[in-house]
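Close look at the chain arrangement
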Amino acid sequence: MLFELSKFWRRFPSRSRHLPRKWQRHVSLSILVTLFLVGMILPSTAQRVGVKSQTSDLNNTENLAQQGRILYETEKFGDAVKILKQAARNYAAEGDKLRQAMALRNLSLAEQELGLWKESQAAIAQSLSLLENLEKSPERSLLQAQTLDVQGRWQLKQGQTEAAVQTWQQAANIYTKIGEPTQFIRNRINSAQALQILGLFPQSEKMLSDIQQKLATQAESPLKATALRSLGDVLQAIGDLDQSKQILQQSLKIALSLQANQQIAEALISLAHTTRLQGDTQATFSFYQQALNISVPTSTRVQLLLNQFSLLVETKQWHTAAELSSQIQSKINQLPPSRMTVYAQVNFAQNLARLKQNSTLDSPSWLDIAQILVKAIEQGQSLEDKRAESYAMGTLGWLYEQTEQLANAEDFTQKALLIANNIQASDMSYQWQWQLGRLLKSQGNIKEAITLYNAAYNTLQSLRSDLMAVNSDVQFSFREKVEPVYRELVDLLLQTNKDSSASISDDLDSNQDYLQKARYVIESLQLAELDNFFRSACLQPKQTIDLVIEKQDPQATFIYPIILPDRIEVILKLPSQEKLLHYETIVAKAQLEDTVKELRKYLLDVTATIKVQEKSQKIYDWLIRPIEPELTSSDIKTLVFVLDGVLGSIPMAVLYDQQQQKYLVEKYAIASAPGLQLINPKPLQNIKLSVLTGGIGEKRQIENREFPTLQNVERELAEITSEVSPSRQLFNQAFTKTNLQKQLRSKSFSVVHIATHGEFSSNPEETFILMWDQLLKAKDFDQLVKLNDQTSPIELLVLSACQTARGDKRAALGLAGIAVRAGARSTLATLWSVDDKSVTQAMSQFYQQLKTGMTKSEALQSAQLFLIKQDKRPYFWSPYILLGNWL
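Residues numbered from 1 in each chain as written. Predicted model: local features only at pLDDT ≥ 70, side-chain atom pairs only at ≥ 80, totals over all residues. Heavy atoms only, no water.

Below, the discussion takes up the overall build of the chain. A count of helical and extended segments in the chain gives 38 helices and 17 strands. Across the 887 residues that make up the chain, the buried fraction comes to 63%. A total accessible area of about 33800 Å² is found for the chain, and carbon and sulfur atoms account for 46% of it. (Helix = DSSP H or I, 4+ residues; strand = E, 2+ residues; numbered from the N terminus. Buried < 20%, exposed > 50% of the residue type's maximum accessible area, 1.4 Å probe, protein only. Areas by Shrake-Rupley, 256 points an atom, 1.4 Å probe, with all protein chains shown as cover.)

Before going further, it helps to spend a moment on the environment of Ser-750. Looking at the element boundaries, Ser-750 is found in the loop between helix H33 (737-746) and strand E12 (751-760). The spatial distance from the C-alpha of Ser-750 to the C-alpha of Leu-796 is 6.5 Å, given a sequence separation of 46 residues. Ser-750 has contacts with Ile-687, Lys-688, Leu-689, Ser-690, Ile-794, Glu-795 and Leu-796, leaving out every residue within four places of it along the chain. Within the structure, the side chain of Ser-750 is placed 2.8 Å from the backbone nitrogen of Ser-690, a separation counted as a polar contact. (Contact = heavy atoms within 4.5 Å. Polar contact = N/O pair within 3.5 Å; in protein donor to acceptor, adjacent residues only side chain to side chain.)

Tracing the backbone through its elements, the reader meets Leu-399 in helix H19 (residues 386-402). Classification of Leu-399 as buried rests on a relative accessible area of 0%. Distance from Leu-399 to Ala-349, taken between C-alpha atoms, is 8.9 Å for residues 50 residues apart in sequence.

Opposite charge on two side chains permits pairing when their charged atoms draw close. Going through the model one piece at a time under the given rule, you end up with 38 salt bridges. When the shortest N-O distance is used, the salt bridge between Arg-387 and Asp-427 registers 2.5 Å. Of this pair, Arg-387 sits in helix H19 while Asp-427 sits in helix H21 (residues 426-442), placing them 40 residues apart in sequence. What makes Arg-387 buried here is its relative accessible area of 17%. (Salt bridge = Lys/Arg side-chain N within 4 Å of Asp/Glu carboxyl O.)

Here we come to the nonpolar core. Ile-624 and Leu-799 are the most contacted members of the largest nonpolar core, which totals 242 residues. Residues contacting Ile-624, with those up to four places away along its chain left out, are Ile-559, Ile-619, Leu-631, Phe-641, Leu-655 and Leu-664. Judged by nonpolar contacts, the second largest core, of 28 residues, contains Leu-64, Leu-104, Leu-143 and Val-150. (Core = buried A, V, L, I, M, F, W, Y, C linked by side-chain atoms within 4.5 Å.)

Here the focus is helix H22 (residues 446-462). Look at H22: 24 Å from first C-alpha to last across 17 residues, which is about the 24 Å you get at 1.5 Å a residue. Turning to H22, its buried residues are Ala-449, Ile-450, Leu-452, Tyr-453, Asn-454, Ala-456, Tyr-457, Thr-459 and Leu-460. (Expected span 1.5 Å × (residues − 1).)

The interhelical angle for the contact between H21 and H22, taken along N-to-C directions, is 160°, at an axis separation of 8 Å. With respect to H22, the element H21 is oriented roughly antiparallel. Crossing hand, H21 versus H22: left-handed. Together, Ser-426, Tyr-430, Gln-433, Trp-434, Leu-436, Gly-437, Arg-438, Leu-440 and Lys-441 of H21 and Ile-446, Glu-448, Ala-449, Leu-452, Tyr-453, Ala-455, Ala-456, Thr-459 and Leu-460 of H22 make up the contact between the two elements. For the contact of H21 with H22, the residue count by class is 11 nonpolar, four polar and three charged. (Axes fitted to C-alpha atoms, helices over the stretch in contact; angles between N-to-C directions. Parallel < 35°, antiparallel > 145°, perpendicular 65-115°, else oblique. Left-handed = near helix turned anticlockwise from the far one by under 90°. Nonpolar A, V, L, I, M, F, W, Y, C, P; charged D, E, K, R; others polar.)

As for its position among the elements, Arg-625 is in the loop between helix H30 (609-623) and helix H31 (628-633). Contacts of Arg-625, omitting those with residues within four sequence positions, involve Tyr-620, Asp-657, Gln-658 and Gln-659.

Quick look at helix H29 (residues 589-603) now. Between the first and last C-alpha of H29 there are 21 Å, a value that for 15 residues agrees with the 21 Å anticipated at 1.5 Å per step. Of the positions making up H29, those classed as buried are Leu-592, Glu-593, Thr-595, Val-596, Leu-599, Arg-600, Tyr-602 and Leu-603. Looking at the buried positions of H29, the neighbouring elements they touch are strand E1 (556-564), strand E2 (567-573), H30, strand E15 (796-804) and helix H38 (874-877).

Our focus in this paragraph is the confidence of the model for the chain. Residue-level pLDDT values for the chain average 84, and 86% of them are 70 or greater. A low-confidence stretch, residues 1-56 stays under pLDDT 50, and its non-local contacts, those more than four residues away or across chains, total 176 contacts. This model gives residues 468-476 a pLDDT under 50, and the stretch forms 34 contacts once residues within four places in sequence are excluded. (pLDDT = per-residue confidence, 0-100.)

Shown next as structure tokens:
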């Protein structure tokens, strides 16, 4: 059913050209905004500087400053800017430089919210300049530190993360000197988040640990409850959900003891968000309901109701959601105009649309939903809040897209994009660029669609290190709001490449350009997935792909299987050819995933060899059969796969050629890479092998999980020690994180071989290896390897006895995450645990061949061929996968 709102459109005339399908909660602002920078600074004991004014003038100016604070806190940023500018001018006229600096500091905050970055920078610079020229006093020092906090926030929002950390450190030094522990803690929480964004995880972890210790010494108070909640929210944003929940429960306990209703409600909301991210729906509903039973302001109640409503829609409780919607509408109508009110209306409209699309309920109508968004647009305009206006307008464009009213959808999306670009709101710009690309694609305008998709892709690339700072929810909605931009662009590029009648855009002047672009985009998606896994852009590409390929191995080829909804696309790079080759196989994504799932199941069954061959033959025919002639004619010896999606959960070595009755590993050496830009291949030939081995053979119980005995670990480690010298060993009780760190820091090892239980998962909290006394999580892995102060990186990390999580289609992401986080050039791991003498035999053969000068991929191939001769059952010989440097 279409809807028409022509009487409203006259207010929004068309302008020059230029949302996500599932929606996250956008009621609250980014963490760094809501936690520490909302409160305005009004030093009541500040010293007067310069000419004294009349008491009435002073009172009037202070009233202006107080009014500006209220307007800021109620998110009426446009009005706040006007009032604070006047307050700053009045203080200047009165000669009160301290209060003038305070007003300018607060003005900068309000201007940042409106995207007025140049004006905000000027205000903060003027504030700091005034403070620099004042006589030293406790009030001046406090305001100077608070002003530096705002400058750090500006720098972080502009992508200047390192500068932000340095600025916040200056502020922290001042807080320490003047004895302001609460301000110091808030400052350190901001800095810890910035360090996470920079990928400096050990430093961030230490800072957060120090904060917890300082908070533990403070008396219980509403401020302590708030600080703990802030810490819990940051831990939530960086993906440490278990720790987040623990800290938030401490905050709730204090708030309950003080009977502080607002702090109780805020802690419950944060707890609900954390448990929702953990997938604990029952606990999430419980926290929402507890918060709703408390007397809180209408704005907080609206946030709670909206979060509850979106969860009801997400869990398909359609009728309960519909019943709640009328209550939400009534409460939203009671809210005064503010950014929060605009965001609440947009959030409500988004979830109403989802409810309507996925249920059989007749109400609300599309017109009703559109009118909510029109009201949100009007409020954004009256508030002069361009960010809120763009958000509401772009969402209205999305609503038109859902009802296939494409002209209106395009019109409003263009306006939203223009506003977002003008205020440099890149986190919104990419969404409207993507939305426009979808609209143009649906109208058959492929040339311009590619241009818009490419713009969205470039914007996302520029946002890599800033996603968490801009909007933490982006991290948690990666599958709905980020990944599709990459995949849909690749789909368009490859479709255009095979369609000779398609127009070629100005910046892509040949079909080969489309293939090269598709290849780089899929590489970028691999990086983005790992960024999302670790909640930070800590991975930096090392060199261009072709340098890796052409200069290092003339007998290696690189294969990119790309999974699209209706087909598999394969891009092939041969070392002897400048051009890329491209093939497609028509097979639905669901069929591919089902085949991989069944193959994975049979691989774990020792008796299912025939079934393994049957399923793996299909994948061989889809991926390898079309490129066989090129591989043969180019005398290829090594295949390096950049695997996509579920393909990473199975070993490519087991793909079966029914015609020749050979597995792929019987014809080629095989390696994988999470992205060729992440590796820098160098041969082992000139490196003396030295190995540090570690593992656990005994039965263990850690964190309420039981790990059975691994009977062959001791034999495996002893065999490696006999094959490679020099070597050191840490076994059972000696295999602790502390001991491993000591060994790595005391000596440079070319190989680290670990034989212990481990699991790889798409959830970093569920990706670990077993130490004697703890589970070492993925996020902590770099503390072992990257802190060893070696002049050269570890060449090879071996993780035997590990496995990928069952039922997790993206579990291989955890293996790739550990591989790149460890910083080793190569990682050899098992996709399932095999406690058998075959592991010892495989590892012995592998190290023997490495010593002869074979590449790592060739040594692994040789070891697997040895095992096949002993026992052809794939369960025993095929779980091994080599990631990274294959040389």
